[in-house]
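Residues per chain are reported as follows:
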Amino acid sequence: MITLLSKLIIENKNLSESKKRSLYGTLCGFVGIFLNFCLFAFKYFAGTVSGSIAITADAFNNLSDAGSSFITLAGFVYAEKKPDEDHPFGHGRFEYISGFIVSVIILVMGVELAKTSVEKVLHPTDVTSDVLTMVILGCSITVKLYMCFYNRRVGKKIDSAAMKATALDSLSDVVATSVVLLSMIVIKFFGVNLDGFGGIAVSLFILYTGYNAAKDSMKPLLGTQPDPEIVEKIEEIVLSHDVILGMHDLIVHDYGPERLIISLHAEVSGNENIFKIHSAIDHIEEELSHRLGCEAVIHMDPIESDNEVINKAKEAVTNEIANKISDKISIHDFRMVVSGEHTNVIFDASVPFEIKQSDKEIKSEIVRCVRDVNSSYRAIVKIDRAYTISRV
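These numbers come from a predicted model, not from an experiment. (Residues numbered from 1 in each chain as written. Predicted model: local features only at pLDDT ≥ 70, side-chain atom pairs only at ≥ 80, totals over all residues. Heavy atoms only, no water.)

(A) Summary view of the overall build of the protein. The number of helices and strands found in the protein is eleven helices and six strands. Relative to a compact globule of 392 residues, whose C-alpha radius of gyration would be 21 Å, the protein shows 29 Å and is clearly more extended. With respect to the principal axes defined by its C-alpha atoms, the protein has extents near 95 × 50 × 35 Å. Put simply, the protein has 392 residues, and 45% of those count as buried. Considering only intrachain contacts with a sequence separation of at least 6, the fraction spanning at least 24 residues in the protein is 68%. Accessible area of the protein: about 20,700 Å², with a carbon and sulfur share of 61%. Here the protein carries 38 positive and 50 negative side-chain charges, and the mean point of each set is 5 Å from the other. (Helix = DSSP H or I, 4+ residues; strand = E, 2+ residues; numbered from the N terminus. Rg over C-alpha atoms; globule rule 2.2 N^0.38 Å. Buried < 20%, exposed > 50% of the residue type's maximum accessible area, 1.4 Å probe, protein only. Contact = heavy atoms within 4.5 Å. Areas by Shrake-Rupley, 256 points an atom, 1.4 Å probe, with all protein chains shown as cover. Lys, Arg positive; Asp, Glu negative; His and termini not counted. Charge placed at Lys NZ, Arg CZ, Asp CG, Glu CD.)

(B) Inspection of the packing of helix α8 (residues 228-239) against helix α9 (residues 274-292) at higher detail. Axis separation between α8 and α9 bottoms out at 10 Å; the angle between their running directions is 145°. Between α8 and α9 the crossing geometry is right-handed. Side by side, α8 and α9 meet where K233, I234, E236, I237 and V238 of the first sit next to I284, E287, L288, R291 and L292 of the second. (Axes fitted to C-alpha atoms, helices over the stretch in contact; angles between N-to-C directions. Left-handed = near helix turned anticlockwise from the far one by under 90°.)

(C) Region of interest: the packing of helix α10 (residues 308-324) against helix α11 (residues 359-373). Remark: α10 packs on α11, axes separated minimally by 9 Å, with the N-to-C direction vectors making an angle of 125°. In terms of orientation, α10 lies oblique with respect to α11. Crossing of α10 over α11 shows right-handed handedness. Of the residues in α11, those in contact with A316, V317, E320, I321 and K324 of α10 are E365, I366, C369, V370, D372 and V373. Counted by class, the contact of α10 with α11 contains seven nonpolar, no polar and four charged residues. (Parallel < 35°, antiparallel > 145°, perpendicular 65-115°, else oblique. Nonpolar A, V, L, I, M, F, W, Y, C, P; charged D, E, K, R; others polar.)

(D) Local environment of the sheet that holds strand β5 (residues 342-351). A sheet is described by the order of its strands in space; here three strands give the open sequence β4-β5-β6, paired in mixed fashion. Among the strands making up the open sheet, the edge pair consists of β4 (330-339) and β6 (377-385). Each strand of the sheet is rotated relative to its neighbour by a mean of 15°, with strand direction disregarded. Taken together, the eight bridges between β4 and β5 define a ladder with antiparallel strand orientation. Across the sheet, R335 pairs through a bridge with I346, a residue of β5. The strands that α10 touches are β4, β5 and β6; relative to β4, the one it contacts most, it runs at about 125°. (Pairing = 2+ DSSP bridges.)

(E) Examining the side chain of D301 more closely. Considering the arrangement of structural elements, one finds D301 in strand β3 (residues 294-303). No salt bridge forms around the buried D301; measuring N to O, its nearest opposite-charge neighbour R335 is 8.2 Å away. In this structure the side chain of D301 is engaged in a polar contact, spanning 3.1 Å, whose partner is the side chain of H265. Polar contacts involving the side chain of D301 include one to the side chain of H299, which spans 3.0 Å. Not counting chain neighbours up to four residues away, the residues in contact with D301 comprise H248, H265, A266, E267, V268 and D333. (Salt bridge = Lys/Arg side-chain N within 4 Å of Asp/Glu carboxyl O. Polar contact = N/O pair within 3.5 Å; in protein donor to acceptor, adjacent residues only side chain to side chain.)

Right, dumping it as structure tokens:
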């Protein structure tokens with residue numbers, strides 16, 4: 001159904017990639033609302049007839065999924081709005097906000113259903129298990145498997161974390177409904193009432209899904225490491241130009257899907273013509289914008305690339321730091337200035353967050369490493385925390 005509708009509404013139209021992305025999200029949102037509401041109605045009927053709290057809990061889980069689909073749909077629609085005076089970077093992050101709202105609704109629903117299910121365990125009531133109830137549950141599992149399939153496929157196609165999370169939610173619903181169906185089979189054939197325990201199991205699945213959804217939604221809002229694939233593409237583009245000798249301090253600002261702002265420092269030879277370098281950097285910024293659909297700002301760092309003394313000193317300092325502190329620390333903007341009997345060795349050290357020592361402690365260790373390389377060296381070090389995981 002999704003494939004057919006997407007061909008009719010999206011694929012055969014001459015639309016921009018961002019518009020296609022929005023339409024895919026909107027289409028999946030509408031289909032999700034419709035299917036989840038149908039499942040809620042059928043399961044609520046089955047739960048009322050059978051008196052099963054587990055089926056009723058699963059029904060309200062589907063109702064929350066319908067609400068989730070509506071909020072996700074609203075998120076895609078609002079996120080597509082163009083930048084304005086109050087939001088110059090656009091409204092793309094609303095997709096993440098809508099995902100967080102959905103996760104809160106799921107968590108509240110899970111808590112309420114857990115409380116009701118515990119009551120059923122403490123004070124069990126009779127539950128009837130008939131063929132119609134089990135057929136409804138079996139059909140629900142089939143529908144949810146289908147929803148998982150198309151949400152996962154569309155999520156990969158448009159690279160949407162919201163759609164991928166919806167696919168995971170549908171898969172967890174399959175497990176939850178299977179638990180309910182199993183409890184109905186046990187009641188019918190063995191006469192053992194596990195309804196309350198089945199309700200608790202369903203509520204735990206709901207809570208687990210809500211927690212994961214909240215965590216995934218908050219990551220881009222709080223700021224997180226960019227996708228390694230994006231970092232790799234940026235490095236590939238920038239370093240493919242001969243004028244660039246190295247790059248560091250890459251920061252990827254995420255203002256929503258397909259709304260990235262990139263900043264980085266590019267090392268260039270200090271002997272090159274400054275106008276030639278400036279022109280080359282402008283060209284690289286344009287290439288990044290064209291190929292990755294982002295805004296790019298590149299800061300130029302001139303270095304003495306052909307100075308053998310500086311190159312050897314940098315290599316020695318790098319090896320000393322790798323051996324005595326960590327090989328994950330990289331140094332850049334390396335300069336040397338002779339000052340009387342001493343030589344000031346000036347550089348920045350990029351330190352990953354996995355190294356838990358304070359910046360002050362790391363700086364003191366680096367200063368000792370530089371002095372061990374040459375007692376006349378005096379280190380002037382600036383500590384940078386690595387915003388991305390880079391191979392450079």
